[in-house]
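Coordinate inspection notes
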Amino acid sequence: FYGDYTTLVISLINLPTILIYPITNALVPMITGAIVSNNKNKVEKMRSLTLRIVNLISIPSALLLGVFSHGILKMLMFTDGSVERAAPWLSVGSASVIFLGLISVTNAFLNTAGKQRYPIISMLCGAGVKIIANYVLLAKIGIVAAPVSTILCYLTAATLNIFFTVKFVGKL
C-alpha cells in the first residue's frame, strides 16, 4: 500500500508543480527589480498576474486529478490492483495541489520582501500538523490518513504564508 501511495499518488500530486515553480522562481528577480525601482504599481500587477497564472494551473490540475484519478492512473498503465487502491487516495489528495501552488507563490512574495524565514516557519507548522494528523487519523481511517494529513499540512502552510504575505507585503 505504501509503495502505491508514494509512487503513484505523491508523484502525480507533485506533477503540476513542475509548471508552477519556474513561474514563481522567475518572479523573484522581476519583483525585486520593481521594488528597487520603487514601482509599486508594477509590483502589484506582477503579483496579481502570477497569482492568477498559478491558480489557473493548480485549480484545474487538482480538479482533473480528483475527478479522473482512476482514468489517469489506468492510462499510465499501472496494474489494476494498484489503480484500484491508489485512485481514491489520489482523489482525496488532489486538493493539496491548490495549496502547493499558493505556498509557491506566497514563498516568492515573502522572499522578495526579504522575509525568507516566514515560509520556513509556515512549513514547520504544516509539518507539525501533518505528524499530528497522521498519528490521530491513521488508526481511525487507515491509509487515507496520508492524503488527508498532506492536505492539512499544505493548508496550514498556505494559510500562514497568506497571513504573512498580507502582513508584510500587502494584499494578494
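Reference entry: report on the structure contained in this document.

About the cut-offs
- Residues numbered from 1 in each chain as written.
- Predicted model: local features only at pLDDT ≥ 70, side-chain atom pairs only at ≥ 80, totals over all residues.
- Heavy atoms only, no water.
- Salt bridge = Lys/Arg side-chain N within 4 Å of Asp/Glu carboxyl O.
- Helix = DSSP H or I, 4+ residues; strand = E, 2+ residues; numbered from the N terminus.
- Buried < 20%, exposed > 50% of the residue type's maximum accessible area, 1.4 Å probe, protein only.
- Expected span 1.5 Å × (residues − 1).
- Polar contact = N/O pair within 3.5 Å; in protein donor to acceptor, adjacent residues only side chain to side chain.
- Contact = heavy atoms within 4.5 Å.
- Axes fitted to C-alpha atoms, helices over the stretch in contact; angles between N-to-C directions.
- Parallel < 35°, antiparallel > 145°, perpendicular 65-115°, else oblique.
- Left-handed = near helix turned anticlockwise from the far one by under 90°.
- Phe/Tyr/Trp six-rings, centres within 6.5 Å; stacked < 30°, edge-to-face > 60°.
- Lys NZ or Arg CZ within 6 Å of the ring centre and 35° of its normal.
- Disulfide = S-S within 2.5 Å.
- Nonpolar A, V, L, I, M, F, W, Y, C, P; charged D, E, K, R; others polar.

**Examining the pattern of salt bridges**
Counting across every chain of the model gives one salt bridge. The residue Arg47 makes a salt bridge to Glu44 at a minimum N-O spacing of 3.9 Å. Within this pair, Arg47 and its partner Glu44 are both found in helix α3 (residues 40–67), separated by three residues, close to a single helical turn. A relative accessible area of 7% means that Arg47 is categorised as buried.

**Here we look at helix α2 (residues 17–36)**
Taking 1.5 Å per residue, 20 residues should reach 28 Å; α2 reaches 29 Å between its end C-alpha atoms and fits that length. Buried residues of α2: Thr17, Ile20, Thr24, Leu27, Ile31 and Ala34, and no others. Where α2 terminates, the next one or two residues include Asn38, which has phi positive at roughly 60 degrees.

**Some thoughts on the side chain of Asn107**
Of note, Asn107 is situated in helix α6 (residues 96–112). Within the local environment of Asn107, its side chain forms a polar contact with the side chain of Asn161, the two groups lying 2.7 Å apart. Beyond its immediate chain neighbours, meaning those up to four positions away, Asn107 contacts Pro119 and Asn161.

**Topic: the packing of α6 against helix α8 (residues 145–168)**
Closest axis-to-axis distance for the α6/α8 pair is 8 Å, and the angle between their directions is 30 degrees. Considering the angle they form, α6 stands roughly parallel to α8. The element α6 and its partner α8 pack so that their crossing is left-handed. When α6 is examined against α8, the residues Ser96, Phe99, Leu100, Leu102, Ile103, Thr106, Asn107, Phe109 and Leu110 are found in contact with a partner set consisting of Thr150, Ile151, Tyr154, Leu155, Ala157, Ala158, Asn161, Ile162, Phe164, Thr165 and Phe168.

**With respect to the packing of aromatic side chains**
Across all of its chains, the model carries four aromatic pairs by this definition. Look at Phe164 and Phe168: their rings are 6.4 Å apart centre to centre, the planes differ by 25 degrees, and that puts the pair in the stacked class. Here the residue Phe164 and the residue Phe168 both occupy positions in helix α8, the gap between them amounting to four residues, near one helical turn. Owing to a relative accessible area of 28%, Phe168 belongs among the partly exposed residues under this scheme. One cation-aromatic arrangement involves Arg47 over Phe109; the distance from NZ or CZ to the ring centre is 5.8 Å. The aromatic ring of Phe168 is capped on one face by Lys115, whose charged end is 4.7 Å from the ring centroid.

**Notes on the state of the cysteines**
Tallied over the entire structure, the rule returns zero disulfides. Its sulfur unpaired, Cys153 is 10 Å from the next cysteine sulfur, which belongs to Cys125. Given a relative accessible area of 6%, Cys153 falls into the buried group.

**A look at unusual backbone geometry**
Positive phi, close to 60 degrees, is recorded for Asn38, a residue that is not glycine. By the secondary structure assignment, Asn38 is in the loop between α2 and α3. Under the relative-accessibility criterion, Asn38 is labelled exposed at 57%.

**A look at the packing of helix α5 (residues 80–93) against α8**
Axis angle and axis distance: for two packed helices, these are the angle between their axes and the distance between the axes, and together they describe the pair. Put simply, α5 and α8 touch, their axes get as near as 9 Å, and they point 15 degrees apart. As far as their axial angle goes, α8 and α5 are roughly parallel. Two packed elements cross with a definite hand, and for α5 against α8 that hand is right-handed. In this structure, α5 uses Trp89, Val92 and Gly93 to contact α8, whose residues at the interface are Pro147, Val148 and Ile151. Taken together, the residues of the contact of α5 with α8 break down into five nonpolar, one polar and no charged.

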